[in-house]
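# Fold and contact review
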4 protein chains.
Amino acid sequence: MRKNLTYGMVGAALDSFIGAVHRVGAGFDGIAFLAAGCFSRNPDKNRECGEFYHLDMSRVYGSYEEMAEAEGKREDKIDYVIISAPNNAHYVTAKAFLENGINVFCEKPLCFEVAEAEELKKLAGEKGLLFLVNYSYSGNVMVKEARELVRSGYIGDVINVNAEYLQEYLVDDIGKGDQTMNKLSSWRKNPEIAGISNCVGDIGSHIEHTVAYMTGLHLKRVAAKLDYFGQPLDLNANILVEFDNGAHGVFCSSQVCVGHMNGLVVRLFGTEGAIEWHEEEPNVLFVTKKGQPMQTYHRGMAYIAEKAAAMSRIPAGHPEGLYEAFANMYKSWHNAILKQVNGEELTADDLDFPNIDDGISGVKFIHAAVESSNSDAKWVEL
Amino acid sequence: MRKNLTYGMVGAALDSFIGAVHRVGAGFDGIAFLAAGCFSRNPDKNRECGEFYHLDMSRVYGSYEEMAEAEGKREDKIDYVIISAPNNAHYVTAKAFLENGINVFCEKPLCFEVAEAEELKKLAGEKGLLFLVNYSYSGNVMVKEARELVRSGYIGDVINVNAEYLQEYLVDDIGKGDQTMNKLSSWRKNPEIAGISNCVGDIGSHIEHTVAYMTGLHLKRVAAKLDYFGQPLDLNANILVEFDNGAHGVFCSSQVCVGHMNGLVVRLFGTEGAIEWHEEEPNVLFVTKKGQPMQTYHRGMAYIAEKAAAMSRIPAGHPEGLYEAFANMYKSWHNAILKQVNGEELTADDLDFPNIDDGISGVKFIHAAVESSNSDAKWVEL
Amino acid sequence: MRKNLTYGMVGAALDSFIGAVHRVGAGFDGIAFLAAGCFSRNPDKNRECGEFYHLDMSRVYGSYEEMAEAEGKREDKIDYVIISAPNNAHYVTAKAFLENGINVFCEKPLCFEVAEAEELKKLAGEKGLLFLVNYSYSGNVMVKEARELVRSGYIGDVINVNAEYLQEYLVDDIGKGDQTMNKLSSWRKNPEIAGISNCVGDIGSHIEHTVAYMTGLHLKRVAAKLDYFGQPLDLNANILVEFDNGAHGVFCSSQVCVGHMNGLVVRLFGTEGAIEWHEEEPNVLFVTKKGQPMQTYHRGMAYIAEKAAAMSRIPAGHPEGLYEAFANMYKSWHNAILKQVNGEELTADDLDFPNIDDGISGVKFIHAAVESSNSDAKWVEL
Amino acid sequence: MRKNLTYGMVGAALDSFIGAVHRVGAGFDGIAFLAAGCFSRNPDKNRECGEFYHLDMSRVYGSYEEMAEAEGKREDKIDYVIISAPNNAHYVTAKAFLENGINVFCEKPLCFEVAEAEELKKLAGEKGLLFLVNYSYSGNVMVKEARELVRSGYIGDVINVNAEYLQEYLVDDIGKGDQTMNKLSSWRKNPEIAGISNCVGDIGSHIEHTVAYMTGLHLKRVAAKLDYFGQPLDLNANILVEFDNGAHGVFCSSQVCVGHMNGLVVRLFGTEGAIEWHEEEPNVLFVTKKGQPMQTYHRGMAYIAEKAAAMSRIPAGHPEGLYEAFANMYKSWHNAILKQVNGEELTADDLDFPNIDDGISGVKFIHAAVESSNSDAKWVEL
């Protein structure tokens, strides 16, 4: 029975912050090892990565196509590939690895078009492969605790949702048009690379997923107003939402809200209670029963639900952060892949990570928001 | 030259919490004295109030009409009347006192219909009378500080507004229909007394005004989704807003959000900075310049702008609260009335309180929100 | 049966911020009226106050001695006197009014010497008069809630106390010696007026009382290190404390801690739970049961203990502040005086305000802290 | 020139939470690799670790003595050893590795006796070896930012320090004597394993170091009151402190303070400003200039000082936590060791990690606190 896994990486060259988070996250539990990669289209950078990781250089590939094909043919092929490249590479890369029989761990948003997403889903199904879309915040222990509380009925029926993801880092781009497109992050505002949305695609989609993960509810329709401020893609979005259970709420995402660094905040209001979670302070959860005082739950305490507690690594009070959320995502993923390679049956709990259906929901959400805004905030169904 | 004022009260019997806030607020600076009243339609309660206040019982009236007429004829008539009765009484009472030459300090919302509001404005203008609509939160020192900062250009152009007023106290009414209409506060959900809206009218209107007061911006249009949960009037509202400068944002008001007692929070985002204010923690203001750390401004410190600092009563750190906000509203009002009765010229600064135009904006906002929601969140212009 | 009271004022001229707080606080419930005063040694200021308050000018006195004697002889003498003058005036003024049969509401600290304090106690006892020492923070609803929780056993036995009162307003005086003694507040650093301590006397004493009020525990001994930074009296104090039940803790008071305006914070740790209260955010209380999440209690909610809830004036979420704490102090006081003048029996609950024994404890605490510091933080018993 | 390092581990079997933190932290930057270990005295556990880490089993040793000797003789010996065993093992283990020419990364507290600590220092000096004592909180970016601010003179001269480290996890042991000594963490209360102190040794020592690291100040003397509550070692400590610059303050450490999970809070007060840091919210720093609003500094922003910013891994707002603090400790350590093995000169900046002198200070602090408490809080010099 195998106890270890190997994986490959597409993207995530050494100067990518998120690449390092993937590398550390995948290695956190000491059971998965990098064995192959195509880190950059720049051959020097690519080689440099291979050397840094002490890889067998014959498994450092010049293109994702080559990598998918070559790995697919190996006896000891990688157990999965991490796709941490810009958005426009997701679909083609994922498709290539699936076709070559390799499980896919893909950054979000999944791809540009719903049809592409559906195609990937079909392909993974046919091949019997696992697919994870990395809505990484679901890896937080207290996000899982929120979900367990909702599932247990603690807050009753969800009747209102107020969620936001606010950043300030693009505020200086306002009114500057193309002049700002040469910055490191500018690919996010380039429709060819990022797709039809910047702000909703990059961070609004995290709101959509985190709420869905916590509540099990899905969006029925949205009425959105996106602001572009003279840029090619949106920088700010205010969105009315309606869920499949009839509840309403707002999703606000922005990259021009001064004072906010990475302010993902989800507030769920139910008939019996409420839950609030802040990504910047991820180790606590604010939980209130109606008529009662707000309670500050801490990760690591005995009252945390079993499925959430299982993902906690260090005692209460010691902060876990983004790396640990990624590590949890990989923990669930590795557990599932190990069962797969060992021929064990996968239960629903084993598959408790954002999957391709979540990826499809995200693509639909982005399209609906942009379409709604283009028609002056008319309701658009997902 | 007069240094003191007398006033009358309509409504605000002894069991009214807001009545006590008016009594203390009006008396805070020791220059205005209650001289007449019509506190309740119940004669016993009315007399009891008159006795409690040691009034000349000939000035304790059985009806507002009688009071307006009788006071209007007196040499020593009251300088102004406070209208602290349910919403449906505002228009008729205000009209009666204006017609009898008495200044009006009226609770919000001003009245049911825009036409009524316009009529009151015309009447006050013709009579040369002052009219204050008590959006009391504008009395807070730090709300004034926010306005001074916006005026000074500290945050640049406002590009996004996220404001909310969340309470939980009606969550138990969900799905209970008429069974809940016998509670003390149930008049707020009775269309005959409260008008066309409960939640937007009672607390949403405070969002609208506080944002307008801080920014000087007015709403151009709204797209609103109100939730009724089986009650006669709305309990929850999520509203997309567009301001006259083109900025967008959301206003969320609710009386069914567990965990929130009186959560009025205004967040203004500009091209250069941001400002955040919480009514539950009114002595501080969170002020951020883009790229810089958030600063926590404290009422009472030397860096507070002069016009805001002028309303501060106690040193920094000592908390001022709702009573003091009311007292500040009365302080500005009394200053204006004293200038009026002493024949002095009133400057724009003397008139720095929510006036009848603010009252009209509020009525328009309530109508627009309800109309929008009735047409499935279509944009409605104010 | 009388329903109203009259009172006199010593000190608290119009330019005194705390004078206004007393005036508003005493008048908050509309049952007590100012009838006499000796507001200032400056005759002009004194007369100006009398006129402002519309007093019978024959009851505006040139000295406290004259006032005590004259009022003592009147049929309609004031029911009590408020002493809001600098510390050195407390003992002589209180003594004069007690000798003339008038109840005393005195600012803290009670007086300079323990012997003086004992003498006042004896005198009040002999005359059957009521005496309140205005440790005003005990008037806060949530301080009372803390006490009710401790009394109920909610936190078990108190085993550790960490309390502080930090301000920054004297930080600029460091190393400036006498040059700073001409500022408005400089009397607090003048031993002739303030007594043997500035920082411990002015604010440290509030720590001592608030903890005693909440817990019922008294200090057994203290080991203190006071810092003078070249000033006549102390500006900073770090104190180890031991309570009569054997528990230890620290009291830290300072007027040179940048970033703190009026930071009175009390944290009580017991065998079963903990309680934390911040004067700058007085409407909430942080309450934790061991092993459980911290709960944020809000004033005005149904779960608040009856004796605390009885002092709440406005609904949860609406902030009450310093004025309302004073008003509550006066509410309890007025209730007791009314029972006294109406010949009713006073119960322990009627006497639930800081009394002369609390004043004596405060004087002992100040002496012990200074003596300990003078002997290099040796333990000194109270 | 070498770019990679190997290390060995003493202690940190697979069931040790802190062991995992070391493993991840040492591996975070992908340049150091585990090559040898003595993980447990239990041969099964030890072998299991070796297998888990895919070690050459000939380098999995049965005792630290054997490991030190064998590794010392190898051409490819480990570059350093991590000592993550209980306190009583630190001195003997560190000594053995130093004697065999291997650099030491040792958990705190360094050892039991000052003489032992001095001996280790002498030995490391003679051998030209590097020694790090893992006061891990110094690895936090914002702790480094605090130090840079202090060094730059931003807060002027430090005049008062208020620091605490509060936990609740032993509150249930109160009064239970030996009955609690069989719990997992009970070794911390066993004098034979933990030394003369539990609470001061385990967490109080972190206060001492973090303050010293931030300020450059050292303790001159302490007056301490420790509480044992019937346990073999202390559970609670309140300590008056005096620094070498004459400033005073308090250090409070406790494992019986309900409501606190891992509450290390340092507050530094200077003549010009103040700084506050909370380990549970490590990505922010509260910085105030006198007379100005408090500022909330965020890790990752452009205004962070260069030496602190250099340790930041992910953008502002994304939380870093305990693992990342460890990773930073290893980053500095690895940089120094690489320079050592490559024969480069080590600058003061290269040695910016808690070293053996810091370890000695810690041992002195623990001894002084216990001795002071044993003599009823008499001052004891360090």
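Worth saying up front: this structure is predicted, and the values here are computed from it rather than measured. (Residues numbered from 1 in each chain as written. Chains lettered and ligands numbered in written order. Predicted model: local features only at pLDDT ≥ 70, side-chain atom pairs only at ≥ 80, totals over all residues.)

## As for the overall build of chain A
Regarding its fold elements, chain A presents 11 helices and 14 strands. Rg of the C-alpha trace for chain A: 21 Å, near the compact-globule value of 21 Å for 382 residues, within the 12% margin. If you line up chain A on its principal axes, its C-alpha atoms span 60 × 50 × 40 Å. Counting over 382 residues, chain A shows a buried share of 61%. Of the contacts made within chain A by residues no fewer than 6 positions apart, 70% connect residues no fewer than 24 positions apart. (Helix = DSSP H or I, 4+ residues; strand = E, 2+ residues; numbered from the N terminus. Rg over C-alpha atoms; globule rule 2.2 N^0.38 Å. Buried ≥ 20, exposed ≤ 12 C-beta atoms within 10 Å, placed from the backbone. Contact = placed C-beta atoms within 7 Å.)

## Focus on the relation of the copies chain B and chain A
With an axial shift of 0.0 Å and an RMSD of 0.0 Å, the rotation relating chain B to chain A amounts to 180°. On this basis, the relationship between the two copies can be described by a two-fold rotation axis. Mapped onto chain A, 100% of the interface residues of chain B again fall at the interface, so both copies present the same surface. (Least-squares fit on C-alpha atoms with pLDDT ≥ 70 in both.)

## Describing the packing of helix α4 (residues 90–99) of chain B against helix α5 (residues 114–127) of chain B
Residue and element names in this part refer to chain B. It is the contact of α4 with α5, at a shortest axis distance of 10 Å, that shows an interaxial angle of 15°. Classified by the angle their axes make, α4 and α5 are roughly parallel. Read as a crossing pair, α4 and α5 show a hand that is left-handed. Each of Y91, A94, K95, L98 and E99 in α4 lies in contact with α5, whose residues at this interface are E116, L120, L123, A124 and K127. Considered class by class, the residues forming the contact of α4 with α5 number 6 nonpolar, no polar and 4 charged. (Axes fitted to C-alpha atoms, helices over the stretch in contact; angles between N-to-C directions. Parallel < 35°, antiparallel > 145°, perpendicular 65-115°, else oblique. Left-handed = near helix turned anticlockwise from the far one by under 90°. Nonpolar A, V, L, I, M, F, W, Y, C, P; charged D, E, K, R; others polar.)

## Quick word on the sheet that holds strand β4 (residues 103–107) of chain C
Residues and elements named next belong to chain C. Strands sit in the order β2-β1-β3-β4-β5 across an open sheet of 5 strands; the sheet is parallel. Strands at the two margins of the open sheet, each flanked by one partner only, are β2 (32–38) and β5 (131–134). The average angle at which neighbouring strand axes cross in this sheet is 20°, direction not considered. Relative to β5, β4 is paired through 4 bridges, and the arrangement is parallel. Opposite V104, over in β5, you have F131 as the bridge partner. (Pairing = 2+ DSSP bridges.)

## Regarding the relation of the copies chain D and chain C
Between chain D and chain C, the superposition needs a rotation of 180° and an axial shift of 0.0 Å, giving an RMSD of 0.0 Å. When you check the interface residues of chain D against chain C, 100% turn up at the interface there too, and the contact is symmetric in its surfaces.

## Section: the nonpolar core
One recurring pattern in soluble globular proteins: nonpolar side chains tend to sit buried together. By size, the foremost hydrophobic cluster in this structure holds 523 residues, and its most contacted members are V104(A), V104(B), V104(C) and V104(D). Apart from residues no more than four positions distant in its own chain, V104(B) is found in contact with Y80(B), V81(B), I83(B), A94(B), F97(B), L98(B), L129(B) and F131(B). (Core = buried A, V, L, I, M, F, W, Y, C linked by C-beta atoms within 7 Å.)

## Re helix α1 (residues 17–27) of chain A
Residues separated by three or four positions in an α-helix point in the same direction, a consequence of the helix having 3.6 residues per turn. Burial analysis of α1(A) places 8 of its 11 residues in the buried class, which makes it a mostly covered element. Here α1(A) has its buried residues at G19(A), V21(A), H22(A), R23(A), V24(A), G25(A), A26(A) and G27(A).

## Digging into the sheet that holds strand β5 (residues 131–134) of chain B
Residue and element names in this part refer to chain B. What the 5 strands build is an open sheet, ordered β2-β1-β3-β4-β5; its pairing is parallel. Where the open sheet ends on each side, the last strands, each with one partner, are β2 (32–38) and β5. Neighbouring strand axes in the sheet, compared pairwise and without regard to direction, differ in orientation by 20° on average. Strand direction decides the pairing type here: strand β1 (residues 5–11) and β2, joined by 6 bridges, are parallel. Bridge pairing in β2 places Y7 opposite L34. Across the sheet, helix α10 (residues 322–341) touches β1, β2, β3 (80–84), β4 (103–107) and β5, and the angle it forms with β1 is around 125°.

## Things to note about the packing of helix α3 (residues 64–73) of chain A against helix α4 (residues 90–99) of chain A
Residues and elements named next belong to chain A. Relative to each other, α3 and α4 sit at 15°, their axes nearing to 8 Å. Put simply, α3 runs roughly parallel to α4. For the pair α3 and α4, the sense of crossing is right-handed. Residue-level contacts link Y64, E65 and A68 of α3 to T93, A96 and F97 of α4. Of the residues assigned to the contact of α3 with α4, the class counts are 4 nonpolar, 1 polar and 1 charged.

## Observations regarding the interface of chain B and chain A
Many authors give the size of an interface as the accessible area that is lost as the parts come together. Every contact between the two is made by 31 residues of chain B and, on the other side, 31 residues of chain A. The set of elements that each furnish at least two residues to the side of chain B that touches chain A consists of β6 (158–166), β7 (219–227), β8 (236–243), β9 (248–254) and β11 (273–278) of chain B. For the side of chain B that touches chain A, the element with the most residues is β9(B), which contributes 5 residues. Split into classes, the residues belonging to the side of chain B that touches chain A amount to 15 nonpolar, 11 polar and 5 charged.

## Some remarks on the domain arrangement of chain A
Residue and element names in this part refer to chain A. For chain A, the assigned domains read domain 1 (5–129) and domain 2 (140–315 + 361–381). Averaged C-alpha coordinates put domain 1 and domain 2 at centres separated by 27 Å. Counting from both sides, the interface comprises 10 residues of domain 1 and, opposite them, 12 residues of domain 2. For the side of domain 1 that touches domain 2, the residue count by class is 7 nonpolar, 2 polar and 1 charged. (Domains from an automatic or database assignment.)

## Some details on the interface of chain D and chain C
With 31 residues of chain D at the interface, the matching set in chain C holds 31 residues. The element contributing the most residues to the side of chain D that touches chain C is strand β9 (residues 248–254) of chain D, with 5 residues.

## Some remarks on the environment of I174(D)
Mapped onto the elements of the fold, I174(D) is located in the loop between β6 (158–166) and α7 (191–194). I174(D) has contacts with T271(C), F229(D) and V256(D), leaving out every residue within four places of it along the chain.

## A few points about the pairing of strand β11 (residues 273–278) of chain A
Across a regular strand the side chains alternate sides, sitting on one face of the sheet and then on the other. Residues and elements named next belong to chain A. β11 sits mainly inside the fold: 5 of its 6 residues count as buried. Direction of pairing for strand β10 (residues 263–270) relative to β11: antiparallel, over a ladder of 5 bridges. The residue bridging V265 from the neighbouring strand is H278, located in β11. As paired elements, β11 and strand β12 (residues 284–289) share 4 bridges and run antiparallel to each other. Bridging from a neighbouring strand, I275 pairs with V287 of β12. The hairpin turn running from β11 into β12, its antiparallel successor, is 5 residues long.

## Re the environment of Y53(D)
One can find Y53(D) in the loop between α2 (43–52) and α3 (64–73). Separated by 19 residues in sequence, Y53(D) and L34(D) have C-alpha atoms that sit 7.7 Å apart.

## Quick notes on the pairing of strand β6 (residues 158–166) of chain C
Residues and elements named next belong to chain C. Here β6 lies mainly inside the structure; 9 of its 9 residues are buried. Where β6 meets strand β10 (residues 263–270), 8 bridges bridge the pair, whose relative direction is antiparallel. Bridging across to β10, A163 finds its partner in V266. Pairing of β6 with strand β9 (residues 248–254) involves 7 bridges; the strand directions are parallel. Within the sheet, the bridge partner assigned to A163 lies in β9 and is F251.

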